[in-house]
Amino acid sequence: MSTQTRDNQARNSAIRNIAIIAHVDHGKTTLVDAMFRQSGVFREGQEVERRVMDSMDLERERGITISAKNCAVNHKGVKINIIDTPGHADFGGEVERALSMADGALLLVDASEGPLPQTRFVLKKALESGLTVIVVINKIDRKDARIEEVLNEVYDLFIDLDADERQLEFPLLYAIGRAGVAMLAPDVEGVNLEPLFDAIVDQIPAPAYDPAEPFQMLASDLDYSDYLGKLAIGRVVHGQAKAGDSLARIDESGQVSPLKVVKLQNYQGNKLVDAAVAEPGDIIVLAGVDDVRIGDTICDRAAPKALPRITVDEPTVAMKFTINTSPLAGREGKQVRSSQIRERLFKETMTNVAIRVEESEEKDSFLVKGRGEFQMAILIETMRREGFEFCVGRPEVILKTIKGKTCEPVEHLFIDCEEAFLGIVTEKLSIRKGRMTNLVNHGKGRVRVEFSIPARGLIGYRDEFLTDTKGTGIMNSYFSGYEEYRGDFPSRFTGSLVADRSGAGVAYGLFNLEPRGRMFITAGDPVYEGMIIGEHNKDKDIDVNACKEKKLTNMRASGKDEHVVLTPIKPMTLEYAIHFIREDEMAEITPLSIRLRKVELSAQKRHVMAGQKKKAKEAEEA
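Residues numbered from 1 in each chain as written. Predicted model: local features only at pLDDT ≥ 70, side-chain atom pairs only at ≥ 80, totals over all residues. Heavy atoms only, no water.

**A closer look at the overall build of the chain**
And then number 1: Each helix and strand counted, the chain has 15 helices and 38 strands in total.
And then number 2: Here the analysis covers contacts within the chain between residues at least 6 apart in sequence; of these, 71% occur between residues at least 24 apart.
And then number 3: When the accessible area of the chain is evaluated, it comes to approximately 29,500 Å², of which 49% is carbon and sulfur surface. (Helix = DSSP H or I, 4+ residues; strand = E, 2+ residues; numbered from the N terminus. Contact = heavy atoms within 4.5 Å. Areas by Shrake-Rupley, 256 points an atom, 1.4 Å probe, with all protein chains shown as cover.)

**Some thoughts on the side chain of arginine 146**
And then number 1: Along the polypeptide, arginine 146 turns up in the loop between β7 (132–138) and α5 (147–160).
And then number 2: According to the relative accessible area criterion, arginine 146 is buried, its value standing at 18%.
And then number 3: Side-chain polar atoms of arginine 146 contact the backbone oxygen of serine 112, separated by 2.8 Å. (Buried < 20%, exposed > 50% of the residue type's maximum accessible area, 1.4 Å probe, protein only. Polar contact = N/O pair within 3.5 Å; in protein donor to acceptor, adjacent residues only side chain to side chain.)

**Details of the nonpolar core**
And then number 1: One finds Leu107, Ile137 and Phe158 to be the most contacted residues of the largest nonpolar core, which totals 41 residues.
And then number 2: The element that contributes the greatest number of residues to this core is α5, accounting for 6 residues.
And then number 3: With residues near it in sequence (within four places) discarded, isoleucine 137 still touches Val109, Ala111, Ile147, Val150, Leu151, Leu172, Leu173, Tyr174 and Ala175.
And then number 4: Ranked by size, the runner-up nonpolar core spans 31 residues in total, among them Ile323, Val498, Ile581 and Leu596. (Core = buried A, V, L, I, M, F, W, Y, C linked by side-chain atoms within 4.5 Å.)

**Things to note about unusual backbone geometry**
And then number 1: Notably, aspartate 162 is not glycine yet its phi reads approximately 60°, a positive angle.
And then number 2: Here aspartate 162 is to be found in the loop between α5 and α6 (165–168).
And then number 3: Residues other than glycine seldom take positive phi values, yet lysine 433 does so here, at roughly 70°.
And then number 4: Classification of lysine 433 by relative accessible area gives partly exposed; the value is 29%.

**A word on the packing of helix α10 (residues 422–431) against helix α12 (residues 461–468)**
And then number 1: The interhelical angle for the contact between α10 and α12, taken along N-to-C directions, is 160°, at an axis separation of 10 Å. In terms of their interaxial angle, α10 and α12 are classed as roughly antiparallel. α12 is crossed by α10, and the crossing has right-handed handedness. Of the residues in α12, those touching α10 at Ile424, Val425, Lys428 and Leu429 are Tyr461, Glu464, Phe465 and Asp468. (Axes fitted to C-alpha atoms, helices over the stretch in contact; angles between N-to-C directions. Parallel < 35°, antiparallel > 145°, perpendicular 65-115°, else oblique. Left-handed = near helix turned anticlockwise from the far one by under 90°.)

**Concerning the pairing of strand β35 (residues 531–536)**
And then number 1: Counted residue by residue, β35 has 6 buried out of 6 residues, so it is predominantly covered.
And then number 2: With 4 bridges connecting them, strand β31 (residues 495–499) and β35 associate as antiparallel partners. Each bridged residue has a counterpart across the sheet, and for leucine 497 the counterpart in β35 is glycine 534.
And then number 3: Pairing geometry for strand β33 (residues 517–519) and β35, over 3 bridges, is antiparallel. Its bridge partner being in β35, arginine 518 is matched across the sheet by glutamate 535. (Pairing = 2+ DSSP bridges.)

**Regarding the environment of isoleucine 176**
And then number 1: Among the structural elements, isoleucine 176 can be located in strand β8 (residues 172–176).
And then number 2: By relative accessible area, which is 17% here, isoleucine 176 ends up buried.
And then number 3: Separated by 38 residues in sequence, isoleucine 176 and asparagine 138 have C-alpha atoms that sit 5.5 Å apart.
And then number 4: Excluding its chain neighbours within four sequence positions, the residues that come into contact with isoleucine 176 are Asn138, Lys139, Ile140, Asp141 and Val181.

**Here's the deal with helix α9 (residues 373–385)**
Quick reminder: α-helices carry 3.6 residues per turn. Residues three or four places apart thus point the same way.
And then number 1: Given a rise of 1.5 Å per residue, 13 residues ought to cover 18 Å, and the 18 Å separating the end C-alpha atoms of α9 matches this to within 8%.
And then number 2: Within α9, 11 of the 13 residues are buried, which leaves it mostly tucked inside the rest of the structure.
And then number 3: Following α9 by one or two positions, glycine 387 has its phi on the positive side, about 95°. (Expected span 1.5 Å × (residues − 1).)

**Some details on helix α1 (residues 28–38)**
And then number 1: Of all the 11 residues making up α1, 8 are buried; the element is thus mostly covered by neighbouring parts of the structure.
And then number 2: Three or more residues of α1 are buried, namely Lys28, Thr29, Leu31, Val32, Asp33, Ala34, Met35 and Phe36.

**A short note on the sheet that holds strand β17 (residues 271–274)**
And then number 1: The strand order across the open sheet formed by 8 strands is β15-β14-β20-β11-β12-β19-β16-β17, and the pairing between neighbours is antiparallel. The sheet is open, and its two borders are formed by β15 (256–260) and β17, each paired with just one other strand. Strand after strand, the sheet turns through a mean of 40° between neighbouring axes, direction not considered.
And then number 2: Examined bridge by bridge, strand β12 (residues 229–238) and strand β19 (residues 283–287) share 5 bridges and lie antiparallel to one another. Paired with isoleucine 233 across the bridge in β19 is valine 285.

**Considerations on the environment of arginine 385**
And then number 1: Here arginine 385 shows up in helix α9.
And then number 2: Side chain to side chain, arginine 385 and glutamate 381 meet in a polar contact 2.8 Å long.

So this is what it looks like as structure tokens:
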């Protein structure tokens with residue numbers, strides 16, 4: 001099983017642990033499907049769902065990886081543990097967890113698009129961890145494939161990320177993931193994934209361990225079973241363990257707590273199976289660890305010794321979560337109390353190291369901090385599908401004071417759009433304090449532009465960008481660090497149409513409001529005082545009556561002028577709601593609806609507050 005190396009280190013040659021890195025839609029999940037089929041995980045003729053690694057409904061709907069997952073295949077007697085990593089920078093906490101279990105990485109790059117920003121983010125973490133990287137250029141059968149240029153871009157990326165000489169001499173393969181073939185050269189006809197499996201076994205180092213050390217394992221992931229309770233998932237660093245063993249857990253403060261292994265499992269394919277013994281280097285699942293948190297060390301009770309904890313980048317965005325206080329509260333959701341919302345949010349921090357929750361000074365509200373508004377949107381969507389009903393405020397960036405100066409998170413933004421749209425994109429980004437750092441025009445009708453822009457400048461811009469580029473633009477970004485605050489800019493150039501009374505939307509009233517702006521509701525939808533029913537054309541908020549009915553007299557012919565045709569409305573999406581709201585507005589989230597509202601519902605109180613704010617501003621200027 002093991003081979004001896006220097007410094008009393010041995011290697012478990014029967015195991016390889018590899019993380020797969022790829023940008024969104026570069027074929028990672030499809031390639032893993034093919035690896036499953038060719039390694040015998042699925043029997044011949046078995047009905048199998050496509051994209052088996054996308055286990056969450058949200059992942060299947062959006063075509064992205066949200067949470068890091070594990071699976072295993074066997075090749076020539078060697079067990080290959082495959083760790084799926086998210087392709088989006090907002091899920092960076094998942095990346096750090098995944099890479100803590102790996103000895104190598106498989107970098108999957110599209111033969112046409114080349115390495116994109118999210119690839120860069122995960123690859124940077126992998127290189128910093130000293131992992132051996134195998135590069136696979138995928139989708140070489142595309143008509144617009146540019147294999148040589150993409151390979152040069154990969155080399156440039158490695159150099160840019162300060163890869164050492166060993167990492168620069170990476171093994172290179174070419175693949176068509178959909179067809180399940182890999183080749184050592186692009187002009188060779190592929191048969192199967194055998195070259196890829198061989199490269200993993202030959203090039204990725206077997207996990208190293210010290211035979212003299214007692215059992216040690218780092219909890220890199222958590223799960224929950226209705227039958228077994230909390231499950232700790234992680235890689236065995238040293239030693240062996242069996243079901244029924246008495247072990248210990250070392251928490252963040254260094255306190256040692258005893259625990260007993262109720263059940264021991266490991267991965268075969270994408271399923272968990274019972275294991276007799278946990279071998280060094282294997283990725284295992286332990287049951288019987290009730291209080292464990294990600295980053296804790298599970299070790300021998302007789303010789304407790306902590307491993308270095310997983311560290312993640314600081315959160316850059318904060319959002320306020322609060323109970324639903326609207327007149328429609330409690331009608332559509334089952335989980336509405338603040339204690340239920342609090343419990344759910346703190347439960348999220350146990351399985352997601354990048355999320356932090358703080359109690360707010362205001363009653364029944366919590367401050368949730370994360371890596372980006374997309375991560376927040378996924379959390380909100382997950383909660384509403386679980387039956388929660390609550391309100392959220394606008395995402396706000398977390399400012400820092402560095403050397404006495406106020407600093408803000410800055411993103412490195414990549415734009416790929418048609419030449420005709422470059423002007424409007426540059427104009428909009430410059431208003432949001434963006435600075436162009438690079439422009440590449442290959443003369444093929446599309447341009448690639450890079451910007452340095454404050455993270456707050458991107459909140460709400462994605463929808464605008466897609467509209468401005470007629471849906472043809474591609475936009476990606478990654479967090480590049482903190483810089484001095486670049487100044488204020490308007491978050492929105494339009495105001496809100498706010499309902500001034502409770503009732504139901506009436507076609508006549510809404511028809512007469514249409515010249516004022518774009519409606520969010522249609523006839524029959526419930527409204528209440530303080531609810532935002534549309535977007536005003538001008539930059540001021542106005543109170544309107546959406547329940548206004550036509551007054552009929554006996555002089556009119558029956559039915560004449562009663563029939564009005566309303567302009568169809570665009571369905572309210574969660575992302576649009578989060579982007580649209582201002583500081584004094586909130587999104588009301590229920591399992592069935594997404595509504596927008598003012599924080600202060602009473603029109604009278606809002607007018608008084610606006611007057612006080614105006615007076616305070618005048619006094620400050622004087």
